[in-house]
Amino acid sequence: MSLNLLQIVVNGLLLGAVYALFSSGLTLIWGMMNVINFAHGEFVMLGMFAAWLTQRYLAGGPLVFTLAAAVVLFLIGVVIYVAIIRDVMRGPMLAQILATFGLALLLRYAVFWAFSPDVRTLPAGALDHTLDLGGILIRLPRLVAGLVAGALALGMHLLLTRTALGSRLLAVAEDRQAAMLMGIRPDRLQALAWGLAAASAGIAGALMATFFPFSPLTGETYALTAFVVVTLGGFGSVPGAMLAGLVIGLIEQVSAYEIGPIYQDVVVYGLFVALLWLRPQGLLGKA
Amino acid sequence: MRWPWLALGALLIAYPWLVSGTDSAAFLQDMGVLVLLAAIGATGWNIVGGYAGQVSVGHALFFGAGAYLPLLLYQHWLLPPLLGVPFGVAVSLALALAVGYPTFRLVGHYFSMATIAVAELVHIVVGNWDFVGAAIGLQGPATPRGWYDLIFLSSVPYYYIFLAVLALLLLATWRMQQGRVGYYLRAIRAGERAARSLGVPVRRYKLYALMLSATFTSLAGSLYALKNGSIDPDYGFGILVSVRMVIIAALGGAGTLVGPLVGAVILIPLETWTNTVFGGSGSGLTYIIYGGIIVLIARFEPGGLVELWHRLVATRAR
């Protein structure tokens, strides 16, 4: 493998870890309440803008603006659950899909209107360096983003599988009625799940904003990326989303390098269609 | 129940004449054409999204195919754009199969995700493919070479062509709604497992609904291209094309015959109004309003205005 391609592979895996983080939020919501959040990409975009605003007006560094994005998005997620999703969830599928889809438009164009469609960048501040690892050049923001996102995605998995809170969340996912009989209040846990999912997307957004230019319209691409990742990983499976995130990040970066950046999304969406034909349950999912 | 229909039909037929005396006759007639076009597209979406309950958020796929093929035939071989209409339908049907066949054996969300992903995929490919004009798109004939180019100076002839097409599609939808297919689709929407247990071939009928829907939507795209004389990737395959179909059908009433027409009559003038009042920044605002309306419908009135109307009438009757 040439050094150049090796560099692409490393970058792909680092980006893939970020994809894994925000996709595990999407898969958590699906697993708990069978709702597909079409506004998930907008959560990523809002995370980017929350970080940008924090950096610009409060002069916060990378740690501060990432935390700010997490907190803001957690609150947005909870509010959206309480105001909209809770009631729509039990309605017809049309209402479910329309609600999150309409929300995506509303958030996207509200930001578009408030901040103009300009493409922005977020200064990486103290992280603004390039590492040279034996000829492989890696931008420090990408390295930090990949490592932090990977750790958080792993943390989400551990939260679900190793803590009492996690077992209550999974109990609601498995059987809402039975969980209620055990004294669990599904409503609170589902609100928490929306908060966590939105926060994971917000953090991912803040991390990526330091090396990807962004605009109010960037969310759509991330929503589609999350769909592909979650489908590849198997719906509802957080470990699946983690593995699939790495795979998709890798495929995207390598195809951008080999075929051209315009077609990186074409390759990923094409893979999605092929997946639906051949293995819709994903890598780790059950049929 | 027959007279409201006759009144609506008469009003639609007389509309260009009714507004011809006003100062802004051309503007209002053009708006009428836009309303009819939007109603045709939403009527197409309504078959699969409304009646069958399979929510597509990528119907621009079929609209774009319908719009591109007629102009593609002109661009490369100078054929009358009208000849391209069946080719647009054929491409749309192929795309419908590609999306519907794998996803209709899965739960409904997969279909929704696949529609938006495939629409975006085609959008990007078309926008970078020189054979179909890449980012610039395609142009139709600038001056009419004969009646078959369907180029008119006034929008009134277009109005009547579109009205005739809409009437045909509504008639076809009505026939479908009354027949076996209509019952099957409503059963599928109400509960797929229950429908299957009663012997409805669920996957096959969802696929039929999508193919019929794709055909209608493709016709809407063709009409747009014929009238406009040009098409580009965003106006053909852009996400907002899909959004408009969804919101118009859902606002009027998804799964009802007149829903799409009602939605179009309300939304298209509203859109024109926000664009005029707020100017360039209006485009953003229009879609904020779109998003808000969609969320409100989903949250409070998933049946749309038609259902709300029926409920109001029923309460008054009591």
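What you see is a predicted model, and the numbers here were worked out from it, not measured in a lab.

*Asks:* I'd love a proper account of the overall build of chain B, names of residues and values included.
*Replies:* Looking only at helices and strands, chain B has 14 helices and two strands in total. The C-alpha radius of gyration of chain B comes to 19 Å, within 12% of the 20 Å expected for a compact globule of 318 residues. Along the three orthogonal principal directions, the C-alpha set of chain B runs to about 55 × 45 × 40 Å. Considering chain B as a whole, with its 318 residues, one finds that 52% of them fall into the buried category. Looking at chain B alone, contacts between residues at least 24 apart form 74% of all its contacts between residues at least 6 apart.

*Asks:* Residue-level account of the overall build of chain A, with values.
*Replies:* Helix and strand content of chain A: 11 helices and two strands. A compact globule built from 287 residues should have a C-alpha radius of gyration of about 19 Å, and chain A, at 18 Å, falls within 12% of that. The principal-axis extent of the C-alpha atoms belonging to chain A is close to 60 × 45 × 35 Å. Counting only residues that meet the buried cut, chain A has 55% of its 287 residues in that class. When contacts within chain A are restricted to residue pairs at least 6 apart in sequence, those whose partners lie at least 24 apart make up 77%.

*Asks:* Pulling in residues and values, what's your account of unusual backbone geometry?
*Replies:* When glycine is set aside, most residues are seen to have a negative phi, and most peptide bonds are trans. Phi is positive for N34 of chain A, close to 50 degrees, though the residue is something other than glycine. Within the element layout of this structure, N34 of chain A appears in the loop between α1 (3–33) and α2 (40–57). Here the phi dihedral of L150 of chain B falls at roughly 50 degrees; this positive angle occurs in a residue that is not glycine. Note on placement: L150 of chain B falls in the loop between β1 (138–139) and α6 (156–178).

*Asks:* So what about the interface of chain A and chain B? Which residues, and what values?
*Replies:* Opposite the 34 residues of chain A that make contact, chain B presents 38 residues. Elements that contribute at least two residues to the side of chain A that touches chain B include exactly α3 (62–88), α4 (93–115), α9 (219–233) and α11 (264–278) of chain A. Here the side of chain A that touches chain B takes 15 residues from α4 of chain A, the largest share from any one element. Considering only residue class, the side of chain A that touches chain B consists of 28 nonpolar, three polar and three charged.

*Asks:* Please set out the packing of helix α5 (residues 140–162) of chain A against helix α8 (residues 186–209) of chain A residue by residue, giving values where relevant.
*Replies:* A pair of packed helices can be characterised by two numbers: the angle between their axes and the separation between those axes. Residue and element names in this part refer to chain A. Where α5 contacts α8, the two axes come as close as 10 Å, and the packing angle between them is 170 degrees. Our classification of the angle between α5 and α8 gives roughly antiparallel. The residues of α8 that touch α5, namely those facing A145, V148, A149, L152 and M156, are S200, I203, A204, L207 and M208. For the contact of α5 with α8, the per-class residue count stands at nine nonpolar, one polar and no charged.

*Asks:* Break down the environment of L275 of chain A for me, citing the residues and quoting the values.
*Replies:* Residues and elements named next belong to chain A. You can see L275 is positioned in helix α11. The class for L275 is partly exposed, based on 19 C-beta atoms found within 10 Å. Each C-alpha atom of the pair L275 and Y19 lies 18 Å from the other, and the pair is 256 residues apart in sequence. When residues no more than four places from it in sequence are discounted, the contact partners of L275 are T231, L232 and P280.

*Asks:* Could you give me a rundown of helix α4 (residues 85–103) of chain B, with the residues and numbers involved?
*Replies:* The terminal C-alpha atoms of α4 of chain B lie 27 Å apart, and with 19 residues this matches the ideal 27 Å at 1.5 Å per residue to within 8%. Buried residues of α4 of chain B: V85, G88, V89, V91, S92, L95, A96, V99, G100 and T103 of chain B, and no others. On the buried face of α4 of chain B, the contacting elements are α11 of chain A together with α3 (60–77), α5 (108–127) and α9 (202–228) of chain B.

*Asks:* Kindly report on the environment of A42 of chain B, identifying the contributing residues and their values.
*Replies:* All names here are of chain B. In this fold, A42 is placed in helix α2 (residues 25–51). Looking at A42, the number of C-beta atoms within 10 Å reads 32, which means it is buried. Separated by 158 residues in sequence, A42 and V200 have C-alpha atoms that sit 26 Å apart. Excluding its chain neighbours within four sequence positions, the residues that come into contact with A42 are M245, I248, A249, P260, G263 and A264.

*Asks:* Give a description of the confidence of the model for chain B that names residues and reports values.
*Replies:* Low pLDDT marks regions whose predicted coordinates should not be analysed in detail. In the predicted model, chain B carries a mean pLDDT of 91, and the fraction of residues at 70 or more is 97%. With pTM at 0.91, the complex prediction returns an ipTM value of 0.88.

*Asks:* I'd like a rundown of the confidence of the model for chain A, residues and numbers included.
*Replies:* Across chain A, the average pLDDT comes to 90, with 98% of residues at or above 70. Within chain A, strand β1 (residues 130–133) of chain A has the poorest average pLDDT of any element, 83, and α2 of chain A the best, 95.

*Asks:* So what's going on with the nonpolar core? Residues and values would help.
*Replies:* With 203 residues, the main nonpolar core has L73 and A149 of chain A together with I40, F162 and I294 of chain B as its most contacted residues. In terms of residues, this core owes the most to one element, α4 of chain A, which gives 15 residues. Contact partners of I40 of chain B, with chain neighbours within four places excluded, come to F162, V165, L166, L169, L219, A220 and L223 of chain B.

*Asks:* Can you break down the packing of α2 of chain A against α8 of chain A residue by residue, with the values?
*Replies:* All names here are of chain A. Where α2 meets α8, the closest approach of the two axes is 7 Å, and the angle between their N-to-C directions is 55 degrees. Taken together, the axes of α2 and α8 are oblique relative to one another. Note on packing geometry: the crossing formed by α2 with α8 is right-handed. On α8, the residues that touch H40, F43, V44, M45, L46, G47, M48, A50, A51 and W52 of α2 are A198, A201, G202, I203, A204, G205, A206, M208 and A209. For the contact of α2 with α8, the class distribution of residues is 15 nonpolar, four polar and no charged.

Rules used in this analysis
- Residues numbered from 1 in each chain as written.
- Chains lettered and ligands numbered in written order.
- Predicted model: local features only at pLDDT ≥ 70, side-chain atom pairs only at ≥ 80, totals over all residues.
- Helix = DSSP H or I, 4+ residues; strand = E, 2+ residues; numbered from the N terminus.
- Rg over C-alpha atoms; globule rule 2.2 N^0.38 Å.
- Buried ≥ 20, exposed ≤ 12 C-beta atoms within 10 Å, placed from the backbone.
- Contact = placed C-beta atoms within 7 Å.
- Nonpolar A, V, L, I, M, F, W, Y, C, P; charged D, E, K, R; others polar.
- Axes fitted to C-alpha atoms, helices over the stretch in contact; angles between N-to-C directions.
- Parallel < 35°, antiparallel > 145°, perpendicular 65-115°, else oblique.
- Expected span 1.5 Å × (residues − 1).
- pLDDT = per-residue confidence, 0-100.
- Core = buried A, V, L, I, M, F, W, Y, C linked by C-beta atoms within 7 Å.
- Left-handed = near helix turned anticlockwise from the far one by under 90°.

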